[in-house]
Amino acid sequence: MKKILLVYNPVSGHAAFKNKLDAVIEQFQRRGIFLSVYRTCAGDNKNFVECVKISQAEGIIAAGGDGTLHAVINWLKKNSIDLPVGVIGSGTSNDFAAHLQLDTEKIIDAVAEGRTRLVDLGLVNGKEFFINVASAGVFTGVAHEVNSRLKNFLGKSAYYLRGLGELKNFKTVPLDIVADGENFSVDAFLFLVLNSPSVAGFKKISDSAQIDDGKLDLLALKNCSVAALINLAKKILAGKSIQADENIFSLQAAQIEINSAVKLKSDLDGEAGDFLPLKIETIKHALKFFC
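Notes on the structure follow. From a predicted model like this one, the values you see are computed outputs, not experimental measurements. (Residues numbered from 1 in each chain as written. Predicted model: local features only at pLDDT ≥ 70, side-chain atom pairs only at ≥ 80, totals over all residues. Heavy atoms only, no water.)

## Considering the overall build of the protein chain
Part 1 of the argument: Secondary structure summary: the protein chain contains nine helices and 15 strands in total.
Part 2 of the argument: Taking all 291 residues of the protein chain together, the buried fraction comes to 51%.
Part 3 of the argument: Partitioning the contacts of the protein chain with sequence separation of at least 6, the portion at a separation of at least 24 is 76%.
Part 4 of the argument: Of the roughly 13700 Å² of accessible surface on the protein chain, a fraction of 51% belongs to carbon and sulfur atoms. (Helix = DSSP H or I, 4+ residues; strand = E, 2+ residues; numbered from the N terminus. Buried < 20%, exposed > 50% of the residue type's maximum accessible area, 1.4 Å probe, protein only. Contact = heavy atoms within 4.5 Å. Areas by Shrake-Rupley, 256 points an atom, 1.4 Å probe, with all protein chains shown as cover.)

This is the structure we're talking about:
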């Protein structure tokens with residue numbers, strides 16, 4: 001019987017996963033998979049590593065949003081634990097799971113069959129990993145500024161409602177970028193460094209972003225008119241890539257350094273990251289992922 005550690009966040013999304021826990025355990029057991037369960041808390045989760053060892057887990061399944069997956073990956077990597085990881089998307093934002101078109105049944109099948117693929121990770125300033133996106137600028141800090149009760153009640157709408165309050169501060173910042181040794185300067189409202197093309201619930205922001213190509217894609221929204229911003233929003237809402245838009249600065253690189261004269265705090269998979277400057281490197285095929 002395979003042993004898997006299920007790590008669930010009791011407050012992710014609408015805080016509903018805990019009501020599905022028994023059914024999920026039953027589904028896994030029916031496929032010959034024994035689950036140990038770890039409940040995350042608001043603290044430092046310092047006993048996570050011990051629980052991994054005690055459970056003798058052959059893999060980890062994170063049940064929550066992108067932030068929960070982000071936390072699990074960092075706990076594992078920072079403690080040199082090499083186990084395959086999967087996700088049951090049950091948070092407000094489940095971009096990585098959405099990109100891979102994963103649901104509970106597919107995850108259970110992948111675990112039962114031992115089916116994994118190697119995916120890249122981004123590493124920021126040599127200490128913090130991200131699996132989906134690193135960002136900074138207008139709107140990008142909304143995810144960790146929104147009250148958790150509001151997120152649970154309104155879902156993604158909470159992000160956009162909170163974002164509307166940022167419109168009065170909608171202004172560009174100067175960015176100095178070094179990508180694989182090449183220098184660039186751009187005034188931008190925000191930037192995204194993507195591993196997958198799925199961001200903020202939109203499934204194809206970029207045409208070229210791939211989770212296993214050893215590179216990250218940078219998109220920066222340049223200074224432009226309100227009309228241009230509306231046109232970009234229409235493209236995004238229609239599920240179209242904005243990578244080739246004239247108001248988007250884009251590049252692809254294995255190593256990206258970003259700095260600004262303006263104080264900017266980064267966001268990593270929806271969690272608060274370092275202030276700029278950021279030194280981001282791609283760790284190719286760093287993680288085995290159930291899918």
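## Some points on helix 5 (residues 104-113)
Part 1 of the argument: Considered for burial, the residues of helix 5 that qualify are I107, I108, A110 and V111. Across the axial projection of helix 5, the buried residues extend over an arc of 160°, all falling on one side. Away from its buried face by more than 90 degrees, helix 5 exposes E105 and E113.
Part 2 of the argument: The inward-facing, buried residues of helix 5 abut strand 1 (2-8), helix 1 (17-30), strand 2 (33-39), strand 3 (60-64), strand 4 (85-89) and strand 15 (278-290). (Arc of directions from axis to C-beta.)

## Details of the pattern of salt bridges
Part 1 of the argument: Within this structure, the stated rule accounts for eight salt bridges.
Part 2 of the argument: Close ionic contact of R31 with D109 constitutes a salt bridge, the shortest N to O distance being 2.4 Å. In this pair, R31 sits in the loop between helix 1 and strand 2 while D109 sits in helix 5, placing the two residues 78 residues apart along the sequence.
Part 3 of the argument: Residue R31 is classed as partly exposed on the basis of its relative accessible area, which comes to 36%.
Part 4 of the argument: Close ionic contact of D212 with R117 constitutes a salt bridge, the shortest N to O distance being 2.8 Å. On the criterion of sequence distance, the pair formed by D212 in the loop between strand 9 (182-194) and strand 10 (216-222) and R117 in strand 5 (residues 116-124) is long-range, its members being 95 residues apart.
Part 5 of the argument: Residue D212 is classed as partly exposed on the basis of its relative accessible area of 26%.
Part 6 of the argument: Judged by relative accessible area, which is 30%, R117 ranks as partly exposed. (Salt bridge = Lys/Arg side-chain N within 4 Å of Asp/Glu carboxyl O.)

## Focus: the nonpolar core
If you look at soluble globular proteins, the nonpolar side chains tend to sit buried side by side.
Part 1 of the argument: In terms of nonpolar packing, the biggest core is built from 48 residues, with F28, F48, I60, I61, L69 and F289 touching the most fellow members.
Part 2 of the argument: In contact with F48, not counting residues within four places along its chain, are L5, V7, Y38, W75 and L76.
Part 3 of the argument: If you look at the next biggest cluster of nonpolar residues, it comprises 25 residues, including V124, V186, L251 and L268. (Core = buried A, V, L, I, M, F, W, Y, C linked by side-chain atoms within 4.5 Å.)

## Comments concerning helix 9 (residues 226-237)
Each α-helix winds once per 3.6 residues, and so residues spaced three or four apart point in a common direction.
Part 1 of the argument: Taking 1.5 Å as the rise per residue, helix 9 with 12 residues should run 16 Å; its terminal C-alpha atoms sit 16 Å apart, in good agreement.
Part 2 of the argument: Buried residues of helix 9: A228, L229, L232 and I236, and no others. Seen from one end, helix 9 has its buried residues packed into an arc of 100°, which puts them on one side. Away from its buried face, by an angle of more than 90 degrees, helix 9 presents the exposed residues V226, A227, K234 and L237. (Expected span 1.5 Å × (residues − 1).)

## Section: the packing of aromatic side chains
Part 1 of the argument: Considering all chains together, one arrives at six aromatic pairs under this definition.
Part 2 of the argument: Ring geometry for F96 versus F289: centroids 5.2 Å apart, planes at 70°, classification edge-to-face. A residue pair is termed long-range when its members are at least 10 positions apart, and F96 in helix 4 (residues 95-99) and F289 in strand 15 qualify at 193 residues.
Part 3 of the argument: Judged by relative accessible area, which is 0%, F96 ranks as buried.
Part 4 of the argument: For F289, a relative accessible area of 0% corresponds to the buried category.
Part 5 of the argument: The rings of Y38, F48 and W75 are connected pair by pair, giving a single aromatic cluster. (Phe/Tyr/Trp six-rings, centres within 6.5 Å; stacked < 30°, edge-to-face > 60°.)

## Points about unusual backbone geometry
Part 1 of the argument: A cis amide bond links L276 to the next residue, P277, at an omega of 10°.
Part 2 of the argument: Tracing the chain through its elements places P277 in the loop between strand 14 (271-275) and strand 15.
Part 3 of the argument: Even without being glycine, S80 reaches a positive phi, approximately 55°.
Part 4 of the argument: Of note, S80 is situated in the loop between helix 3 (66-78) and strand 4.
Part 5 of the argument: Residue S80 is classed as exposed on the basis of its relative accessible area of 70%.

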